[in-house]
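Coordinates in review
What follows is each chain in one-letter form.
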Protein chains: 4
Amino acid sequence: MHFSSDNASGVAPEIMEALARANDGPAWAYGRDEITRRLNGLFSDLFEHEVTAFPVSTGTAANALILAALTPPWGAVFCERNAHINVDENGAPEFYSGGAKLVPVDGEHGRIGRQALEMAIDAMPGGDVHHVVPHVLSLTQATEAGTVYGVDDVTALSGLAHETGLKVHMDGARFANAVAHLGCSPADITWKAGIDALSFGATKNGAMAAEAAIFFDPALAAGFEERRMRGGHLLSKMRFLSAQLEAYVADDLWLRLARHANRMATLLADAVTETPGADLLHPVDGDEVFVRFGDVTVIRRLADSGVAFVPWAPREGIIRLVASFQTTEDEVRQFRAALQQAASVAG
Amino acid sequence: MHFSSDNASGVAPEIMEALARANDGPAWAYGRDEITRRLNGLFSDLFEHEVTAFPVSTGTAANALILAALTPPWGAVFCERNAHINVDENGAPEFYSGGAKLVPVDGEHGRIGRQALEMAIDAMPGGDVHHVVPHVLSLTQATEAGTVYGVDDVTALSGLAHETGLKVHMDGARFANAVAHLGCSPADITWKAGIDALSFGATKNGAMAAEAAIFFDPALAAGFEERRMRGGHLLSKMRFLSAQLEAYVADDLWLRLARHANRMATLLADAVTETPGADLLHPVDGDEVFVRFGDVTVIRRLADSGVAFVPWAPREGIIRLVASFQTTEDEVRQFRAALQQAASVAG
Amino acid sequence: MHFSSDNASGVAPEIMEALARANDGPAWAYGRDEITRRLNGLFSDLFEHEVTAFPVSTGTAANALILAALTPPWGAVFCERNAHINVDENGAPEFYSGGAKLVPVDGEHGRIGRQALEMAIDAMPGGDVHHVVPHVLSLTQATEAGTVYGVDDVTALSGLAHETGLKVHMDGARFANAVAHLGCSPADITWKAGIDALSFGATKNGAMAAEAAIFFDPALAAGFEERRMRGGHLLSKMRFLSAQLEAYVADDLWLRLARHANRMATLLADAVTETPGADLLHPVDGDEVFVRFGDVTVIRRLADSGVAFVPWAPREGIIRLVASFQTTEDEVRQFRAALQQAASVAG
Amino acid sequence: MHFSSDNASGVAPEIMEALARANDGPAWAYGRDEITRRLNGLFSDLFEHEVTAFPVSTGTAANALILAALTPPWGAVFCERNAHINVDENGAPEFYSGGAKLVPVDGEHGRIGRQALEMAIDAMPGGDVHHVVPHVLSLTQATEAGTVYGVDDVTALSGLAHETGLKVHMDGARFANAVAHLGCSPADITWKAGIDALSFGATKNGAMAAEAAIFFDPALAAGFEERRMRGGHLLSKMRFLSAQLEAYVADDLWLRLARHANRMATLLADAVTETPGADLLHPVDGDEVFVRFGDVTVIRRLADSGVAFVPWAPREGIIRLVASFQTTEDEVRQFRAALQQAASVAG
């Protein structure tokens with residue numbers, strides 16, 4: 001019963017096999033190998049658009065390197081208040097961009113609303129060298145609250161951003177979960193909806209350590225390779241990173257894994273809603289389930305019964321559960337029993 | 001016949017097996033897993049000294065993060081003119097340190113001499129805020145010329161550095177090759193010889209993407225974790241990075257692999273010295289072999305015959321060959337034949 | 001009738017004379033001159049405490065250099081939402097600190113409240129390398145709203161900050177106006193109230209281009225000189241900067257000038273409150289007067305009548321007027337007439 | 001007898017008067033004043049070319065800000081080994097550029113030779129993301145050795161640089177001395193000779209604290225204003241900085257002052273050459289005189305006799321004397337006497 005994070009999961013068998021296959025004889029280093037050279041074509045096919053794709057090992061690297069490509073040091077990046085780039089990367093975007101400013105925008109269930117974005121942009125005084133200038137809107141898909149932006153939501157926010165001259169980044173650490181939820185094509189929710197660059201996550205959903213920074217307009221990627229090198233993110237045996245990505249998107253593996261994780265999250269959510277004194281804090285669109293207990297002592301009992309989770313805001317009775325491609329229905333059944341037991345005791 | 005780099009090699013079977021073993025059920029993310037928690041003990045045993053070890057994916061990350069811990073932005077880092085940190089990392093040390101200055105020192109066969117270091121330190125005017133202040137000496141072991149510093153060499157240079165208040169870093173991207181060559185203990189050539197921090201390389205010698213930043217004085221590591229996070233180098237599924245390192249040092253695998261690579265380099269060198277018109281540019285201590293041809297047209301013929309190598313300074317007739325843990329005697333035999341054939345033709 | 005900013009004023013005669021006196025023969029450059037060497041003693045006397053004082057040319061430099069001394073790149077700096085460091089320096093603190101994060105706290109009339117600060121600190125999750133760590137509280141005195149923190153206010157906020165291990169910076173671009181308003185000693189409102197470092201402003205109040213970065217604990221100033229040099233803020237003919245500061249604090253000139261400016265602001269405020277349809281947005285403690293007009297068309301008429309001011313939030317009918325040491329009663333009288341004329345016309 | 005530096009001089013009377021004139025009533029802050037608005041026209045006239053000119057307070061700021069505009073963080077800047085940007089700014093160019101690399105080139109009497117530059121450029125391996133890419137050539141005029149590049153020299157070096165796609169910066173901290181020596185027009189030795197941007201110094205030659213960053217192609221100045229703001233170098237009372245520059249170039253004041261300083265340096269040099277055991281280390285083109293004594297004990301005796309100078313390399317018997325616009329013939333006569341006295345004693 002390990003629901004602390006989808007990062008707690010291991011590596012999908014298909015990806016382990018791809019790593020084994022890639023380990024066949026010598027190959028040119030630093031991305032001049034055959035597998036890496038196929039990536040641009042691979043992702044261009046997947047997104048039905050010519051893209052430039054750069055493999056990196058972590059989501060933080062993908063996000064920070066993309067943002068550094070999209071904003072000068074004196075730019076502002078709008079993001080939801082709890083966005084990973086704003087609160088969970090210890091200032092990586094500031095480091096890579098040379099000190100750009102993240103501007104938090106309030107969201108509802110993790111989603112930035114059109115009006116909130118409009119107000120945030122309006123509040124940035126422009127036309128004067130004293131002030132940072134808005135350069136980027138960054139949307140997290142799926143959001144930090146486990147919800148998903150609809151195609152219309154993204155289109156509207158991107159449209160607003162583009163009107164003001166901003167570029168739009170999507171932090172897709174859980175992009176697979178979002179696409180699986182929406183049932184749309186990867187193109188629909190990215191460049192067709194106005195996204196300029198995407199952090200395409202694979203690690204949380206079955207890879208070992210692999211993400212792709214994808215630019216839908218190759219011109220925007222100027223300097224990306226140099227920054228990646230200076231950041232120490234150009235792997236010498238790059239083929240093993242690229243092989244993960246290749247296996248991840250082959251035969252829709254990424255979507256199959258994400259659909260399973262999403263379904264397990266739905267089952268976890270069902271267990272919650274069935275339990276008196278437990279409520280869902282947000283709609284469950286992806287693989288994350290936020291639970292609020294009326295009685296905060298339930299949290300301890302649940303932990304004591306062997307369930308691993310993150311005590312998100314324990315004084316307010318809030319915990320987070322995350323399913324993954326490896327979560328089993330049996331695990332969820334055990335969780336339901338543990339939850340009901342923990343909730344049934346008087347606090 | 002692939003001798004372009006040891007980075008062109010794949011992953012050692014023992015390390016692939018360790019990855020498979022690590023892929024067993026969920027584990028806490030970001031280094032709180034069991035394997036990662038064993039690393040400090042593992043490396044403390046290996047070095048017979050209490051150390052703090054931080055796994056990262058690349059040698060550039062290890063180098064740049066260590067240097068950023070050892071120097072403020074206004075510090076100077078002395079290194080051999082052709083050191084990787086100076087010429088092959090596109091400014092990663094400058095990026096991570098906030099703009100510290102690398103000061104190249106001339107070496108002989110890749111090794112900084114005591115007198116050259118003394119002159120370089122003397123030439124840095126101190127005591128005035130106009131000038132950067134010497135903070136670090138960085139030694140590459142094995143060197144970029146394929147040679148190895150002896151224990152006495154390192155002790156003398158470190159001693160000189162410490163007298164002036166410098167810290168001493170060792171870039172050990174090919175540390176295994178150096179230790180295998182010297183036949184000393186890892187302790188002998190590091191902290192016992194005055195090294196404060198080591199980039200302990202594994203990738204070039206059988207790992208997939210794994211290096212350890214090792215501090216022999218844990219107090220020097222202040223800020224390392226924060227910088228690693230901001231650099232995007234904290235892997236979520238860290239166990240797979242740590243598992244590589246664990247397998248790498250288990251049962252002396254690292255030394256066995258390095259000894260093989262070194263022996264293959266010796267055989268390559270023998271093939272060179274047997275060939276009229278071909279000379280070794282440097283002594284062959286590790287896995288690198290630098291060759292100078294009197295007739296530069298040999299280079300093209302050698303390449304045409306299917307040998308992969310780096311045309312190091314082709315106008316001067318210089319190429320570089322690198323053996324690896326995967327190089328076979330058979331490959332070397334084929335190389336000898338190809339070389340003799342290429343050299344026998346009139347230019 | 002120029003009320004656009006106190007920066008629009010010129011240089012006080014006493015300071016011009018000091019510049020002329022300083023221009024007497026050669027002097028050692030870069031701060032080794034006699035005048036600069038007197039500064040630490042001068043400011044130690046003024047603050048009744050041993051201080052280290054560094055002259056710089058701009059308030060932005062003083063703020064950013066002090067903050068860089070008080071926080072590592074992975075630190076958080078709490079400040080009022082509209083603080084100069086947050087919205088008017090185009091990211092200078094981020095630049096100098098290497099990417100630290102400014103965290104805006106809501107204030108009332110420009111003053112951070114104790115509860116708001118408490119909540120902001122509580123909201124920063126600590127103990128995890130994913131998050132920036134609170135390092136500094138920065139208070140603006142006088143505030144951006146033209147109000148002044150009382151001694152008790154500063155003491156309470158500093159106390160709260162120190163409990164959590166923060167250092168406390170005071171942005172005193174209008175420090176003279178605040179001290180003149182409070183009638184306390186400079187010591188009372190700084191180190192005695194828990195301030196660790198102060199940007200002591202002089203430019204807005206009669207100097208040409210002179211501020212002092214003052215550390216009440218010299219140990220906190222480590223690295224300041226190096227950063228100032230790297231920032232290009234070490235003047236070669238430093239004596240002319242130091243001479244401004246010396247003349248500024250001699251014979252209480254700074255307080256005399258500030259008292260005058262504050263009194264002129266009071267007269268401006270009186271003119272506003274006498275005018276139907278015009279209200280003060282904030283209490284007028286220093287030299288700034290924020291006015292809200294019920295009828296936004298008054299703004300244009302006021303501008304057309306020759307009054308220079310900043311249309312702060314013109315769509316909401318808000319303008320800012322600033323008095324200075326050079327403002328005359330006659331100018332205020334003219335302003336009152338112009339205001340009443342502008343306000344009397346139907347919109 | 002103060003020859004420690006031209007920075008030890010004071011402010012020219014014409015510039016003090018300009019400051020007094022500028023101190024007349026209020027003026028818009030941050031460069032929107034009338035004087036600052038005239039600067040682009042003023043310098044365009046002076047250089048017979050449309051330029052964009054940005055006033056700043058220090059030469060280090062001018063240099064570092066210009067270099068940051070001309071190179072990305074992954075660029076290389078070639079400069080003479082002893083260039084101010086390389087050894088006297090404590091890493092300011094690295095700080096402002098985000099970590100670009102200064103590459104020292106050997107010079108003769110302070111001047112980079114064509115062949116040395118060619119070799120330096122050739123030695124930078126390009127076309128690979130592992131290496132920094134040459135972006136800028138920076139020439140110091142007059143040089144750090146007190147010599148001056150001829151128009152042909154600059155043209156040849158700039159031509160070579162442009163062929164390789166480099167931009168060319170001129171550090172003109174002593175530009176006036178160079179132009180005075182050459183007798184050419186400012187245009188001849190700058191844009192007509194291939195210079196893209198110039199640090200136009202005034203401080204060493206009679207200003208209080210004033211330099212201009214001048215771009216001969218305004219497009220190259222993109223981002224300069226933002227960087228200047230973030231560096232804390234946008235003065236609020238900018239008129240007082242601009243007034244210095246205006247007075248400095250009015251009626252050829254800058255050239256008259258420089259001619260005087262150069263002539264005084266010539267007289268100092270004459271005194272040296274007349275003295276047995278004293279030699280000039282470099283030709284004296286500008287205001288600097290480097291002296292080598294056969295007997296190093298002369299240095300102490302000269303200092304004891306009241307002559308202020310910099311003991312440049314005292315163990316080698318080398319000192320530096322600098323004349324300024326304020327140096328008098330009488331001072332030089334006293335110096336000659338002191339020198340002859342110091343040199344006549346047996347060591």
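Treat the numbers as computed from the prediction; the structure is a model and nothing was measured.

Basis of the calculations
- Residues numbered from 1 in each chain as written.
- Chains lettered and ligands numbered in written order.
- Predicted model: local features only at pLDDT ≥ 70, side-chain atom pairs only at ≥ 80, totals over all residues.
- Heavy atoms only, no water.
- Helix = DSSP H or I, 4+ residues; strand = E, 2+ residues; numbered from the N terminus.
- Rg over C-alpha atoms; globule rule 2.2 N^0.38 Å.
- Contact = heavy atoms within 4.5 Å.
- Areas by Shrake-Rupley, 256 points an atom, 1.4 Å probe, with all protein chains shown as cover.
- Lys, Arg positive; Asp, Glu negative; His and termini not counted.
- Charge placed at Lys NZ, Arg CZ, Asp CG, Glu CD.
- Buried < 20%, exposed > 50% of the residue type's maximum accessible area, 1.4 Å probe, protein only.
- Pairing = 2+ DSSP bridges.
- Right-handed = clockwise from strand over helix to strand, strands pointing away.
- Least-squares fit on C-alpha atoms with pLDDT ≥ 70 in both.
- Buried area = accessible area lost by both parts, 1.4 Å probe.
- Polar contact = N/O pair within 3.5 Å; in protein donor to acceptor, adjacent residues only side chain to side chain.
- Salt bridge = Lys/Arg side-chain N within 4 Å of Asp/Glu carboxyl O.
- Core = buried A, V, L, I, M, F, W, Y, C linked by side-chain atoms within 4.5 Å.
- Domains from an automatic or database assignment.
- Nonpolar A, V, L, I, M, F, W, Y, C, P; charged D, E, K, R; others polar.

A word on the overall build of chain A. For chain A, the count of helices and strands is 13 helices and 13 strands. For chain A, whose C-alpha radius of gyration is 21 Å, the value lies close to the compact-globule estimate of 20 Å for 347 residues. Taken along its principal axes, the extent of the C-alpha atoms in chain A is 60 × 60 × 30 Å. For chain A, restricting intrachain contacts to residue pairs at least 6 apart in sequence, the fraction spanning at least 24 positions comes to 76%. Carbon and sulfur atoms provide 50% of the accessible area of chain A, an area that totals close to 11,600 Å². Put simply, chain A has 27 plus and 44 minus side-chain charges, and the middle of one group is 5 Å from the middle of the other.

All names here are of chain C. Burial analysis of strand 6 (residues 133–140) places six of its eight residues in the buried class, the great majority of the element. Summarising the sheet, strand 2 (residues 75–80) and strand 6 pair through five bridges and their orientation is parallel. Note on strand 6: the bridge partner recorded for Ala76 is Pro134. Here five bridges tie strand 6 to strand 7 (residues 167–172), and the two strands are oriented parallel to one another. Looking at strand 7, one finds that Ser138 is bridged to His169. Handedness of the β-α-β unit built from strand 6, helix 7 (residues 151–163) and strand 7 comes out right-handed.

What follows deals with the relation of the copies chain D and chain B. Superposition of chain D onto chain B requires a rotation of 180 degrees combined with a translation of 0.0 Å along the rotation axis, giving an RMSD of 0.0 Å. What we have between these two chains is a two-fold relation. Closest approach to the rotation axis among the C-alpha atoms of chain D is made by Gly99 of chain D, whose C-alpha sits 2.3 Å away. Taken together, the interface assignments show that 100% of the residues at the interface of chain D recur at the interface of chain B, consistent with an identical surface on both copies.

So, about the interface of chain B and chain A. Listed per partner, the contact involves 50 residues of chain B and 50 residues of chain A. With both sides pooled, the region where chain B packs onto chain A buries about 3,900 Å², and carbon together with sulfur makes up 60% of that total. Taken as a group, Phe95, Arg230 and Lys237 of chain B account for 20% of the area that chain B buries against chain A, more than any other trio of residues on that side. Viewed at the interface, chain A and chain B are joined by 30 residue pairs in polar contact (both at pLDDT 80 or more).

Right, let's talk about the interface of chain D and chain B for a bit. Accessible area lost upon the coming together of the parts is a frequently used measure of interface size. The interface is formed by 15 residues belonging to chain D together with 15 residues belonging to chain B. Summed over both partners, the interface of chain D with chain B buries about 1,400 Å², with 39% contributed by carbon and sulfur atoms. Three residues stand out in chain D for area buried against chain B, namely Asn90, Lys101 and His130 of chain D, and they jointly supply 38% of the buried area on that side. Taken together, the links from chain D to chain B amount to two salt bridges.

Across soluble globular proteins, nonpolar side chains show a tendency to be buried alongside one another. One finds Phe43 and Phe200 of chain C together with Phe43 and Phe200 of chain D to be the most contacted residues of the largest nonpolar core, which totals 139 residues. With 138 residues, the next largest nonpolar core counts Ile35, Val105 and Ala176 of chain A together with Leu166 of chain B among its residues.

The next thing to look at is the domain arrangement of chain A. All names here are of chain A. Domain parsing of chain A yields domain 1 (12–253) and domain 2 (257–346). One C-alpha centre belongs to domain 1, the other to domain 2, and the line joining them spans 29 Å. With 17 residues of domain 1 at the contact, the number on the domain 2 side is 17 residues. Buried surface at the junction of domain 1 and domain 2, both sides included, amounts to about 1,500 Å², of which 50% is carbon and sulfur. On the domain 1 side of the interface with domain 2, the three residues burying the most area are Gly146, Arg174 and Asn177, jointly 29% of the side's total. Our count for the contact surface shared by domain 1 and domain 2 stands at three salt bridges. Along the contact surface separating domain 1 from domain 2 lie ten residue pairs in polar contact (both at pLDDT 80 or more). The leading source of residues in the side of domain 1 that touches domain 2 is helix 8 (residues 175–182), at four residues. Within the side of domain 1 that touches domain 2, the residues separate by chemical class into six nonpolar, eight polar and three charged.

Moving on to helix 8 (residues 175–182) of chain D. All names here are of chain D. Most of helix 8 is tucked away, with six of its eight residues classed as buried. Taken as a whole, helix 8 has its buried residues at Phe175, Ala176, Asn177, Ala178, Val179 and Ala180. As for helix 8, its buried residues are in contact with helix 2 (34–47), strand 7 (167–172), strand 8 (197–201), helix 10 (239–249) and helix 11 (253–273).

We now examine the pattern of salt bridges. Taken as a whole and judged by the stated rule, the model has 56 salt bridges over all chains. In this structure, Lys101 of chain D and Glu94 of chain B form a salt bridge, with 2.8 Å as the shortest nitrogen-oxygen distance. On the criterion of chain membership, the pair formed by Lys101 of chain D in strand 3 (residues 101–105) and Glu94 of chain B in helix 5 (residues 92–97) is interchain, its members lying in two chains. Take Lys101 of chain D and Glu94 of chain B: they sit in the same class, and that class is buried. Salt bridges here are not isolated pairs; linked through shared partners, they connect Asp6, Arg174, Asp287, Glu288 and Arg320 of chain A.

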